[in-house]
2 protein chains.
Amino acid sequence: VSLRVFVGPRVNDGVLEAVRAGGAEPVSDASKAEAIVWLDHDPAELRPVLTDRVRWVQLPWAGVEQWMSAGVIDDERLWTCASEAYGDSVAEHVVALMLAGRRRIHAAARATSWDTSNGGQPLFGATIVVVGTGSIGKGVARLLGPWAMTFVGVSRSGRPVDGFTRVVPVGELRSVLPDADVVVVAAPSTPDTAGLIGAAELDAMAEDAWLVNVARGALIDTDALVAALAAGSIAGAALDVTDPEPLPDGHPLWSEPRALITPHRANFGPAADAEMHGLFARQIRRWIAGEELSGRVDPARGY
Amino acid sequence: VSLRVFVGPRVNDGVLEAVRAGGAEPVSDASKAEAIVWLDHDPAELRPVLTDRVRWVQLPWAGVEQWMSAGVIDDERLWTCASEAYGDSVAEHVVALMLAGRRRIHAAARATSWDTSNGGQPLFGATIVVVGTGSIGKGVARLLGPWAMTFVGVSRSGRPVDGFTRVVPVGELRSVLPDADVVVVAAPSTPDTAGLIGAAELDAMAEDAWLVNVARGALIDTDALVAALAAGSIAGAALDVTDPEPLPDGHPLWSEPRALITPHRANFGPAADAEMHGLFARQIRRWIAGEELSGRVDPARGY
């Protein structure tokens, strides 16, 4: 057998099956494993099983900021996150939130009488600024292929990415915001991206533009957003993630007519499990074949 | 000049421009016109200008049931409706409503605290039964081309239609309902289609299925729908049209947690005007070129 994999911290039959489907052998003794598939939030439990023999750790989420700040992720082995498995479901949620905002579904859901005064605007043909050019942004562009839209990506490097009309470096973020019908935040949470969307960025957005966040709450300055929504300087914000999260009862965003909050549900349920198991099997196959794995974490970069 | 067109009942500069763009001459005296572009709801005003000279009337909506029941539509000339111009905007609204239902955006919009108990289901890969295989259904299939979905059309004839996985005749409606994740009503309102979705059809739907109506309220038996929603025998209903319409204050659908109502806003605003003007110009060009026009109304069929 070419690869022994420890699945932890608890046994999960679906994942064990995925390990076997990928061509590896699941082992119940972590000290015999060359690879670990880890299914929990908590980095602390992982440390004791990280022997020198372990060459690769597959983490269960798209974001790895907890693991980075806990100092678990090191240069001694390969670390991969599960961003590939989240792309499609989160991308679909982005489309749902963009359509809800543009077509005022959030307002219709709250109405208790027939009010035709505001019909909203189509998403078809719109210009979307996507902060982050990873699997979520690419997934949105792929799902909306027939919608004649313009996708402007914002990334560290500004390098061209398939599916995006153009990509600019993050230093030019503010210059592309005024043209956006929707600004989608889909970038990793790192010290560099904390508060990336603040008062100045909100101010640069058009009055009829929506802000969508499916990344992490920390990328948006919540107080600045609350002020922008109250002032009507943007049309609305659809947030799957918030800061603080969970958003506490009584927070002004709960009663803001221009806000729509989905409680970190962009990715969910059985379909997501199936996607995750598929990812684990694919990654194991890639490892055994000596191919590049998806979701490689760069300890220096922080994601 | 090959075609004189009367635009009524009131002058509209955008439409006059579209008439010219199509290659025809707008005339202010209806008795000189060979064609009429009519922009109003009310059939009564049209009768006095319908001289024998008029060979073609272009109506402004996708549905023509008011005109049919008023007895204005005759066999003496060609009548066309504007279904071609409505397809894209209404199709987008169908996508917005399907995503809102599947991803529980309607419930999220009403929430005032962080509740992760219900994440909904993805639309990607779902099976959609579309009652009606006209421009709206085709538009939905086109917009969702990359979504790996199954589209089962229901039409009078059951003839295959581009974009649909398969099409069944309306007599087989009940047999295809159990497999639907979403049932979309997008068929003309005629005496034959009144109450097409009643208690038996709602009962045939799956418990996690959504019903979407962007056609006319009369196609669904409202009392049966209210009962099905209250009983939880379907997951929800997203209605852009209702019966009665407007839906009166205090109607049970306004307080039904499983209902989402958009007040006949599937098609709206400046973008729709532009689409409509484009349609008028195209239709005039087709008429002048002797080509077939879109949206031909068949007085015998009723749409």
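These figures come from a predicted structure and were not determined experimentally. (Residues numbered from 1 in each chain as written. Chains lettered and ligands numbered in written order. Predicted model: local features only at pLDDT ≥ 70, side-chain atom pairs only at ≥ 80, totals over all residues. Heavy atoms only, no water.)

1. Side note on the sheet that holds strand β12 (residues 259-261) of chain B
Residues and elements named next belong to chain B.
- As summarised here, the arrangement of the seven strands in space is β8-β7-β6-β9-β10-β11-β12, forming an open sheet in which the pairing is parallel. Strands with a single pairing partner mark the edges of an open sheet, and in this sheet they are β8 (166-169) and β12. Shown here is a sheet whose adjacent strand axes are inclined to one another by a mean of 15°, direction ignored.
- In the packing of helix α8 (residues 222-231) onto the sheet, contacts are made with β10 (210-213), β11 (236-239) and β12, and the angle to β11 comes to roughly 140°. (Pairing = 2+ DSSP bridges. Helix = DSSP H or I, 4+ residues; strand = E, 2+ residues; numbered from the N terminus. Axes fitted to C-alpha atoms, helices over the stretch in contact; angles between N-to-C directions. Contact = heavy atoms within 4.5 Å.)

2. Here we look at the relation of the copies chain B and chain A
- Taken as rigid bodies, chain B and chain A are interconverted by a rotation of 180° and an axial shift of 0.0 Å, the fit giving an RMSD of 0.1 Å. Those values place the two copies in the arrangement expected of a two-fold rotation axis.
- The share of interface residues of chain B whose copies in chain A are also at the interface is 100%, consistent with both copies meeting through the same surface. (Least-squares fit on C-alpha atoms with pLDDT ≥ 70 in both.)

3. Description of the environment of L78 of chain A
- Assignment of secondary structure puts L78 of chain A in strand β5 (residues 78-80).
- Considering only alpha carbons, one finds L78 of chain A and P299 of chain A, 221 residues apart in sequence, at a separation of 9.9 Å.

4. A closer look at the sheet that holds strand β1 (residues 4-8) of chain A
Residue and element names in this part refer to chain A.
- Taking strand neighbours across the sheet as the criterion, the five strands line up as β2-β1-β3-β4-β5 in an open arrangement whose pairing is parallel. With one partner strand each, in any of the chains shown, β2 (25-27) and β5 form the two edges of the open sheet. In this sheet, neighbouring strand axes are inclined to one another by 25° on average, regardless of whether the strands run parallel or antiparallel.
- In this structure, β1 lies alongside strand β3 (residues 35-38), joined through four bridges in parallel fashion. From the neighbouring strand, F6 faces β3, where its bridge partner is I36.

5. A look at the side chain of E92 of chain B
- Checked against the element boundaries, E92 of chain B lands in helix α3 (residues 83-102).
- Those residues within four positions of E92 of chain B in sequence are excluded, and the remaining contacts are L99, R103, Q121, P122, L123, F124 and W147 of chain A together with L143 of chain B.

6. What to know about the confidence of the model for chain A
- In the predicted model, chain A carries a mean pLDDT of 93, and the fraction of residues at 70 or more is 98%.
- Model confidence for the complex: the whole-complex pTM is 0.82, and ipTM, which rates the interface, is 0.82. (pLDDT = per-residue confidence, 0-100.)

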